[in-house]
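Inside the fold
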Amino acid sequence: MMKKIVRYVVAAFMAVIVLCGLNGCSNINDYGDTEQMATEVEDEQIEEQNSSGGMDEAALNEKHNDTEKTLDEKRGDMEKALDEEHNDTEKATSGEDLDVVVPNAADDDWYMKGNIYTDDEGNQLEVFFNDYGTLEFAVNGLSMYFTTVDNFQQENNWKVYTCDDGTMIVYYPGEPAHLEIADGDYTGLYEAGGDKMN
């Protein structure tokens, strides 16, 4: 009789140790209820004790170690899953999954459309192209900037031209299209109007 009481006291003591050990992982509830899992393991231990007539202390310690090992593995799996979810979230917010803007080939010969571009102050910007591949930008009828057709950098769908004097002129496709003189006396944004050059 005394032996049975000692076994139950040892089993209860082990249950308290297991519960205290599980208290540290009770905050990870997204991937399963670990407290319920621990209770089920303890219930299985008590059932085995009752059905086999009890265990000696060495067997009980071994069973306890196996339980701790199982719980550590489960805890590791949960932490790994949380890390993977965190990495996926970081990847989604870092811009790695955004599409690259593909240049529109229809805008490659924009300078041949003969548009007259106007800014807010009424200044007119015209673009002339010759057979040698030279672009001439004229403001209010005065030719001011020169570059070649292939002297540009592509940024998104924009074309950035560097003129002979270092002035940057940017072509923005769209309806309506825009030209921007980035520096110089006539700096500003010019919008394509309904007027065409003859």
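Residues numbered from 1 in each chain as written. Predicted model: local features only at pLDDT ≥ 70, side-chain atom pairs only at ≥ 80, totals over all residues. Heavy atoms only, no water.

Regarding the packing of aromatic side chains
Formally: Stacked, tilted and edge-to-face are the three classes assigned to paired rings of Phe, Tyr and Trp, where Trp is represented by its six-membered ring and a pair needs centres within 6.5 Å; plane angles under 30 degrees give stacked, over 60 edge-to-face, the rest tilted. Put simply, DSSP H or I for four residues or longer makes a helix, DSSP E for two residues or longer makes a strand, and each gets a number counted from the N terminus.
Applying the stated rule across the entire model yields six aromatic pairs. With a centroid separation of 5.2 Å and 75 degrees between ring planes, the pair formed by W158 and Y172 is classed as edge-to-face. Of the two residues, W158 sits in strand β6 (residues 158-162) while Y172 sits in strand β7 (residues 168-172), which places them 14 residues apart along the sequence. Three or more aromatic residues joined by ring pairs form one cluster here, namely W110, Y111, F129, F152, Y161 and Y171.

Observations regarding the pattern of salt bridges
To keep it simple, the criterion reads: Whenever a carboxyl oxygen of Asp or Glu lies within 4 Å of a side-chain nitrogen of Lys or Arg, that contact is scored as a salt bridge. Burial classes: relative accessible area under 20% of the type maximum marks a residue as buried, over 50% as exposed, and values in between as partly exposed (1.4 Å probe, protein chains only).
Under the criterion given, the structure shown has one salt bridge. Across the pair D108 and K159 runs a salt bridge, and its minimum N-O distance is 3.3 Å. In this pair, D108 sits in the loop between α3 (57-93) and β1 (115-118) while K159 sits in strand β6, placing the two residues 51 residues apart along the sequence. Judged by relative accessible area, D108 falls into the partly exposed class, the value being 41%. On the accessibility criterion, K159 (2% relative accessible area) is buried.

Quick notes on the pairing of strand β2 (residues 124-129)
Along any regular strand, the residues point their side chains to alternate faces of the sheet. Keep this limit in mind: Should DSSP find at least two bridges between two strands, the strands are regarded as paired.
Pairing between β1 and β2: three bridges, direction antiparallel. From the neighbouring strand, Y117 faces β2, where its bridge partner is L125. Linkage of β1 to β2, two consecutive antiparallel strands, is achieved through a turn of five residues, within which G122 is found at a positive phi near 90 degrees. Direction of pairing for β2 relative to strand β3 (residues 134-139): antiparallel, over a ladder of five bridges. The residue of β3 that forms the bridge with L125 is V139. The antiparallel hairpin formed by β2 and β3 contains four residues in its connecting segment, where G133 sits at a positive phi of about 85 degrees.

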